[in-house]
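Listed here are the chains, written in short residue letters.
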Amino acid sequence: MNVIALAGGVGGAKLADGLQRIVGENLAVVVNTGDDFELHGLRIAPDLDTVMYTLGGVANPETGWGIAGDTFNNLDMISRYGGEDWFRLGDRDLATHLLRTQMLRSGYTLTQATQNLARALGVRASILPMCNEPVMTIVITNAGELAFQEYFVHRRWQPVLKAYRFHGIDKARVTPEITAAFQSAHAIIFCPSNPFVSIEPILNVRGMRDLVQKTRVLKIAVSPIVGGEALKGPAGKMFAELGRAPSAYEVAKIYRGVIDRFVLDRVDEEQARAIKDLGMRVWITDTIMRDELERERLAREICEWVTK
Ligand code: FO1
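Notes on the structure in this doc start here.

**Here's the deal with the sheet that holds strand β1 (residues 3-7)**
Strand order in this open sheet of seven strands is β5-β2-β1-β9-β10-β13-β14, and the pairing throughout is parallel. Strands with a single pairing partner mark the edges of an open sheet, and in this sheet they are β5 (126-129) and β14 (281-285). Taking each pair of neighbouring strands and ignoring which way they run, the sheet shows an average axis angle of 20°. Note: strand β13 (residues 261-265) against β14, five bridges, orientation parallel. Among the inter-strand pairings, D265 is bridged to a residue of β14, identified as T285. Packing against the sheet, helix α2 (residues 46-55) makes contact with β2 (27-31) and β5, and its axis sits at approximately 155° to β2.

Structure (structure tokens):
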């Protein structure tokens, strides 16, 4: 079965990992690049790297991002020089940014650069950036307009969020690699990522919504909100600050008209009826992926549900 997964950061990467364990190279992961930014003259792509390290089996299991066992000698020296040390780049992680920046400068697309790096890490799935053009998620907060990593990491997502926008999205185009993947897809999985700053940027790339609508296969979303709290990152806080209840039902409402089915965690079972009334079928299961086995189990259940 050919599966397309739309994913952002840590939560999305875990389900993508589970899906790779089920369908291997028949998985294509379309990844958000709105978190990308320049630091020390290097192009940093946190969501691409989180998906790549996770599917390559080298991700730091505690944080979900960066490389397991990485050292920070370079960062210590940057700190000593008074350079920017708020974004913790490990020594092994640095190699990714150095080579990606070098490939981009020598004319490779972000998609080609990503495939070269992922292949070297033994990743079987295709990791496809949502576009090759630079897009930057800007969050408008009570502390002014902030680039996403400045908001998320440097200020630990404490500023109050008012709105957000995707700078450069009007020049972003669906890549030939993504179009090809959709042509042979049997299912599209919306991974449990932040609907606002991980999934929405992907859907806003020109041509992506049409591609999703035109692809007549089942579209299934897994809720990133469980029990009214986001498992990782600022999703719950962002919901509240954007005036939305942090609930699985709200996520289903956001995806209404795009997806056919919704995967709900057992703790939110009482919302199943309201979500069905939105016109989508609901699958209730354990959606919290604490280890590789649970990632694979959830991915298997979803792939089996597709065939029903
Ligand atoms: N997240 C943090 O909270 N603190 C960090 O210092 C940090 C460094 C970092 C380095 C490389 C990388 O690929 C990701 C990193 N992240 C860090 C995670 C990243 O900011 C988030 O996972 C995504 O942007 C959320 O989708």
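**Here we look at the layout of surface pockets**
By volume, the second largest pocket amounts to about 280 Å³. Going through the elements one at a time, α1 (10-23) and α13 (292-306) are the ones with two or more residues in the lining of the second largest pocket. Top element by residues in the lining of the second largest pocket is α1. It accounts for five residues.

**Section: the pattern of salt bridges**
Going through the model one piece at a time under the given rule, you end up with 16 salt bridges. In this structure, R295 and D17 form a salt bridge, with 2.7 Å as the shortest nitrogen-oxygen distance. Of this pair, R295 sits in helix α13 while D17 sits in helix α1, placing them 278 residues apart in sequence. Note on accessibility: R295 and D17 belong to one class, buried. A salt bridge links R300 to E296; the nearest nitrogen and oxygen atoms lie 2.8 Å apart. Placement of both R300 and E296 in helix α13 is noted, with a separation of four residues, approximately one turn of the helix.

**Brief notes about the site of the ligand**
Within the structure, the ligand sits among 13 residues, and D35, D47, F87, R88 and Q149 are positioned closest to it. Between the ligand and R88 there is a distance of 3.0 Å, counted from an oxygen atom to a backbone nitrogen or oxygen. With respect to the ligand, the side chain of Q149 contributes an N or O atom lying 2.7 Å from an oxygen atom. Protein burial of the ligand: of its 540 Å² of free accessible surface, 90% is covered by the chains. Looking at the shell around the ligand, the elements that each hand over two or more residues are α2 and α6 (148-154). Taken together, the residues of the shell around the ligand break down into six nonpolar, two polar and five charged.

**Quick look at the state of the cysteines**
According to the stated counting rule, one finds zero disulfides in the structure shown. Sulfur of C191: no disulfide; nearest cysteine sulfur belongs to C303 and is 11 Å away. Overall, the relative accessible area of 9% leaves C303 in the buried class.

**A few points about the side chain of N32**
You can see N32 is positioned in the loop between β2 and β3 (37-39). Within the structure, N32 has its side chain in polar contact with the side chain of D35 (distance 3.2 Å). Apart from residues lying up to four places away in sequence, N32 is in contact with A7, G8, D47, M130, V197, S198, P201 and I202.

**Description of the sheet that holds strand β8 (residues 161-167)**
Ordered in space as β7-β6-β8, the three strands form an open sheet in which the pairing is antiparallel. Each end of this open sheet is capped by a strand with a single partner; those strands are β7 (144-147) and β8. Going across the sheet, the axis of each strand differs from the next one's by a mean of 25°, ignoring polarity. In the sheet, strand β6 (residues 136-141) pairs with β8 via six bridges, with the strands oriented antiparallel. Its bridge partner lying in β8, T141 is registered against L161. Against the sheet, helix α8 (residues 195-204) contacts β6 and β8, and its axis sits at roughly 35° relative to β8.

What counts as what
- Residues numbered from 1 in each chain as written.
- Predicted model: local features only at pLDDT ≥ 70, side-chain atom pairs only at ≥ 80, totals over all residues.
- Heavy atoms only, no water.
- Pairing = 2+ DSSP bridges.
- Helix = DSSP H or I, 4+ residues; strand = E, 2+ residues; numbered from the N terminus.
- Axes fitted to C-alpha atoms, helices over the stretch in contact; angles between N-to-C directions.
- Contact = heavy atoms within 4.5 Å.
- 1 Å grid on protein atoms, 1.4 Å probe; cavity = no way out; pocket = protein on both sides within 12 Å on 5 of 7 lines; lining within 4 Å.
- Points joined across faces, edges and corners; volume = space filled by probe spheres on them.
- Salt bridge = Lys/Arg side-chain N within 4 Å of Asp/Glu carboxyl O.
- Buried < 20%, exposed > 50% of the residue type's maximum accessible area, 1.4 Å probe, protein only.
- Near = heavy atom within 4 Å.
- Polar contact = N/O pair within 3.5 Å; in protein donor to acceptor, adjacent residues only side chain to side chain.
- Areas by Shrake-Rupley, 256 points an atom, 1.4 Å probe, with all protein chains shown as cover.
- Nonpolar A, V, L, I, M, F, W, Y, C, P; charged D, E, K, R; others polar.
- Disulfide = S-S within 2.5 Å.

Note that every value here comes from positions in space, so none of it alone points to a role or purpose.
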